[in-house]
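Next come the chains, spelled out residue by residue.
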Amino acid sequence: MQHDPTRTSPVFLLCEKRPSLTSAGEPRPHNFVEMLPTEMSVKIFSELDAESLCSAACTCRLWHDIIEESNQLWRKQCLLVRAVCQREVDSDRRDGLSWKVTLVRNYTRSCLKSDWLRGRYSHVRSAEELSGRRMTPLDAETWGEILQAELDR
């Protein structure tokens, strides 16, 4: 299947600013966010994981504004990260950081820590085996947990 340059991209249609007209001559919404109350859109967005939520926020201005302003969405994702990085998340929240900022600060750390605790790096023989993997600093208590998990394997 070849790309047809005369065909409009579905992504463009999703966020196109010009309203199309219905048979009655009224503007027709282009996506569900325009048709639903904000609370319902937030409910739909809450089904996304953190990476998908960030991608959705880049889709169009309306999606971005709803996602950006919804503390509920960021709180849900942040609590998932907290399951792995409780000390770090609790510390950031005590310092008054928003749920979104706390998530951004701890997401990569939680992925890395989770991989370590699951034994993903138990048999690494050289640094080359880690190439392409994003690393982040971990505190002494986290390394203690990781080393204990390794000893328990």
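That block above? That's the structure.
Our subject in this report is the structure included herewith. Everything numeric here is computed off the predicted structure, so don't read it as measured data.

Attention shifts here to the packing of helix H8 (residues 99-117) against helix H9 (residues 140-152). At a minimum axis distance of 9 Å, the contact between H8 and H9 shows a crossing angle of 25 degrees. As the angle between them shows, H8 and H9 are arranged roughly parallel. Along its contact with H8, which presents Lys113, Trp116 and Leu117, the element H9 presents Thr142, Trp143, Glu145, Ile146, Ala149 and Glu150.

What follows is about the pattern of salt bridges. Considering all chains together, one arrives at 10 salt bridges under this definition. Taking the shortest distance from any N to any O, the salt bridge between lysine 100 and glutamate 68 comes out at 2.7 Å. Here the residue lysine 100 occupies a position in helix H8, and glutamate 68 occupies one in helix H5 (residues 61-69), the gap between them amounting to 32 residues. What makes lysine 100 partly exposed here is its relative accessible area of 25%. Salt-bridge contacts for aspartate 115 lead to arginine 118; the nearest nitrogen and oxygen are separated by 2.6 Å.

Thresholds, definitions, all that
- Residues numbered from 1 in each chain as written.
- Predicted model: local features only at pLDDT ≥ 70, side-chain atom pairs only at ≥ 80, totals over all residues.
- Heavy atoms only, no water.
- Axes fitted to C-alpha atoms, helices over the stretch in contact; angles between N-to-C directions.
- Helix = DSSP H or I, 4+ residues; strand = E, 2+ residues; numbered from the N terminus.
- Parallel < 35°, antiparallel > 145°, perpendicular 65-115°, else oblique.
- Contact = heavy atoms within 4.5 Å.
- Salt bridge = Lys/Arg side-chain N within 4 Å of Asp/Glu carboxyl O.
- Buried < 20%, exposed > 50% of the residue type's maximum accessible area, 1.4 Å probe, protein only.

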